[in-house]
Amino acid sequence: MFYGLRCIACGRSIELERIVYTCPHCGGLLEVVYDLDKIEISRQSLEGVKESVWKYRSLLPFPADIKPISIQEGGTALYRCDRLAASIGIDELYVKHEGLNPTGSFKDRGMTVGVTKALELGMEVVACASTGNTSAALSIYAAKAGIPAVVLLPAGKVALGKVAQALMHGAKVIGIRGNFDDALTLVRDLCEKERFYLLNSINPYRLEGQKTIGFEIADQLGWRVPDRLVLPVGNAGNITAIFKGFVEFRAAGITDTVPKMCGIQAEGSCPVADAFRAGKKDIEPEKNPETIATAIRIGDPVNAVKALAAIYDSGGLADTVSDDEIIQAQRDLAKLEGIGVEPASAASVAGLRKLVENGAIKRDESVVCVTTGHLLKDPEEVITVCGAPFEVDARIEEVMRVVRER
Ligand SMILES: Cc1ncc(COP(=O)(O)O)c(C=O)c1O
Ligand SMILES: N[C@@H](CCOP(=O)(O)O)C(=O)O
């Protein structure tokens, strides 16, 4: 076999048939590892292949006969953003807009792999806890695969567009009176008891799909690796996965370096940034996380240890931004570049602005910000921030009065 499962803490190998999400020996997080001597991948082999998560199939954990559950995820735009760059004060800025995936977030990359793995393992029900996007993605891939999905959401705390997706694609949607961290604890227990397949980012296979963001950025930049990657951090899976992608491309000889990974959290929900500032390798969970960016309102990120390792190993950093800075960055992306994102995504650009202002990132560094979810995910936040549209009588003078108003 060209891949295996390994515990990042004790280094033991785990049998591939076992349905476990953490190490049965020490409780550590698991990761998929590859034997690169058995894998054929090169710049030449990738040339001309249609952009998609499955373009990089030789670095995904499946035998050749497994058919993916796919809805054309990946292949998202990497925009060069000169107006935004000028306003922030750097020379070369790109935005990787993951909001352009089928359900409008990067989670689709994880779920195409995760749900395909669920079927390969013979699992009959998939489940997750979610602040919204994971549930939307799980629901659509479960629908495509023809298996039931169960999703646990923090009641009243999930953006409307995301709940709508989970409902319409047919998941069993259960709001729990508690926060995301409570929901995750519950769903882990549920999956254990009912033999449901857990597809939060503690599942190491799901992260394999998300690492293709890193592959794709290098590919789209003509095999160049940016100096910095800046992205929001919630449950801390994505920063881990993307770094893994860059590390694997370097190990395979496709690229020659990795970017400095810069994780941005909201001020009211920042255990990873706190741990980084204290020079620690693990977090102290935050009991009552709060931020307008509901997608990253997470106090006890399951992948914190992996994420902090990615940050330290790459020479990156973690920092925080305020909700006001997030909203301003959301407006900047929308108005300067035509990129519509949900608040959590804008944390990346808010973080970049702060890091350039305080000198942590230099003008001449090349930067990619990952915008993780689409604007339409959270229409209620948009109305709160922008106000409702004008309403007038259906007469031209009334319309002109408003048009002329400053
Ligand atoms: C839109 C959005 N951005 C960022 C994040 C944070 O990603 P991660 O949990 O992988 O750190 C999430 C959810 O996790 C999300 O839905
Ligand atoms: N923002 C996430 C939170 C769950 O993260 P996961 O990556 O562990 O599934 C969501 O969309 O639910």
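In what follows, the structure referred to is the one given above.
Position numbers for residues count from 1 along each chain, tracking the sequence in the order it is written. Naming scheme: in the order in which they are written, chains are lettered from A and ligands are numbered from 1. Local features in this predicted model are restricted to residues of pLDDT 70 or higher, and side-chain atom pairs are both shown and tallied only at a pLDDT of 80 or more, whereas totals for entire chains, interfaces and linings draw on every residue. Note that the side-chain values use all heavy atoms of the structure and ignore hydrogens as well as water.

### Quick word on the environment of L186
So, point 1. Relative to the helices and strands, L186 is located in helix α6 (residues 180–194).
So, point 2. Any residue under 20% of the maximum accessible area for its type is buried, any over 50% is exposed, and the rest in between are partly exposed; the area is computed with a 1.4 Å probe on protein chains only. Overall, the relative accessible area of 42% leaves L186 in the partly exposed class.
So, point 3. Distance from L186 to C128, taken between C-alpha atoms, is 9.6 Å for residues 58 residues apart in sequence.
So, point 4. Whether two residues touch is decided by their heavy atoms; if any such pair falls within 4.5 Å, the residues are in contact. In contact with L186, not counting residues within four places along its chain, are L152 and I176. Working definition: helices are DSSP H or I runs of at least four residues, strands are E runs of at least two. Numbering for both runs from the N terminus.

### Thoughts on the sheet that holds strand β13 (residues 366–371)
So, point 1. Only strands that DSSP links by at least two bridges are regarded as paired with each other. Taken in spatial order, the 6 strands of this open sheet run β4-β5-β13-β10-β11-β12, and their pairing is mixed. The open sheet has two edge strands with one neighbour each: β4 (78–80) and β12 (317–321). With direction set aside, neighbouring strand axes in the sheet form an average angle of 25 degrees.
So, point 2. Running at roughly 135 degrees to strand β11 (residues 260–266), helix α11 (residues 304–314) makes contact with β11 and β12 of the sheet. Axis lines are fitted to C-alpha atoms, over the contacting stretch for helices. Their N-to-C directions set the angle, which ranges from 0 to 180 degrees.

### Some thoughts on the nonpolar core
One recurring pattern in soluble globular proteins is that nonpolar side chains are buried together.
So, point 1. By nonpolar core we mean a set of buried residues, namely Ala, Val, Leu, Ile, Met, Phe, Trp, Tyr and Cys, connected to one another through side-chain atoms within 4.5 Å. Counting 89 residues, the largest nonpolar core has V126, L138 and F249 as the members making the most contacts within it.
So, point 2. Boundaries of every domain are those given by an automatic assignment or by a domain database. Built from parts of two domains, this core gets at least three residues from each of domain 1 (3–50 + 106–204) and domain 2 (78–105 + 206–385).
So, point 3. The residues touching L138, leaving out its near neighbours within four places in the chain, are M111, V115, V126, A127, C128, A149, V150, V151 and L199.
So, point 4. The next biggest cluster of nonpolar side chains, apart from the first, holds 32 residues, and it includes A295, I296, A346 and V356.

### Observations concerning the pattern of salt bridges
So, point 1. Here, a salt bridge means any side-chain nitrogen of Lys or Arg that lies within 4 Å of a carboxyl oxygen of Asp or Glu. By the definition in use, this model includes 27 salt bridges.
So, point 2. With a shortest N-O distance of 3.1 Å, E31 and R6 are connected by a salt bridge. Taken as a pair, E31 in strand β3 (residues 30–34) and R6 in strand β1 (residues 3–7) lie far apart in primary sequence, 25 residues in all.
So, point 3. Residue R6 is classed as partly exposed on the basis of its relative accessible area, which comes to 34%.
So, point 4. Measuring nitrogen to oxygen at the nearest pair gives 2.8 Å for the salt bridge that ties D91 to R363.

### Overview of helix α13 (residues 343–357)
So, point 1. Here, expected helix span is obtained from the residue count minus one, scaled by 1.5 Å. The terminal C-alpha atoms of α13 lie 21 Å apart, and with 15 residues this matches the ideal 21 Å at 1.5 Å per residue to within 8%.
So, point 2. For α13, the buried fraction is high: 12 of the 15 residues fall into the buried class.
So, point 3. Buried residues of α13: P343, A344, S345, A346, A347, S348, V349, A350, G351, L352, L355 and V356, and no others.
So, point 4. Downstream of α13 by one or two residues, G359 has phi in the positive range, about 85 degrees.

### Remarks on the site of ligand 2
So, point 1. Any residue with a heavy atom lying within 4 Å of a molecule or strand is counted as near it. In the region of ligand 2, 13 residues are neighbours, and S130, T131, S201, R206 and N235 sit closest.
So, point 2. We call two N or O atoms a polar contact when they sit within 3.5 Å, provided that within protein one can donate a hydrogen and the other can accept it, with sequence-adjacent residues counted only if both atoms are side-chain atoms. Here N200 contributes a side-chain N or O atom positioned 2.9 Å from an oxygen atom of ligand 2.
So, point 3. The backbone of A295 places a nitrogen or oxygen atom 2.9 Å from a nitrogen atom of ligand 2.
So, point 4. Working definition of accessibility: Shrake-Rupley area with a 1.4 Å probe, residue cover restricted to the visible protein chains. In isolation ligand 2 has 340 Å² of accessible area, and contact with the protein removes 96% of it.
So, point 5. Polar here means any residue other than Ala, Val, Leu, Ile, Met, Phe, Trp, Tyr, Cys and Pro, which are nonpolar, and Asp, Glu, Lys and Arg, which are charged; Gly is therefore polar. Taken together, the residues that form the shell around ligand 2 break down as 3 nonpolar, 8 polar and 2 charged.
So, point 6. There are two domains that each give the shell around ligand 2 at least three residues, and those are domain 1 (3–50 + 106–204) and domain 2 (78–105 + 206–385).

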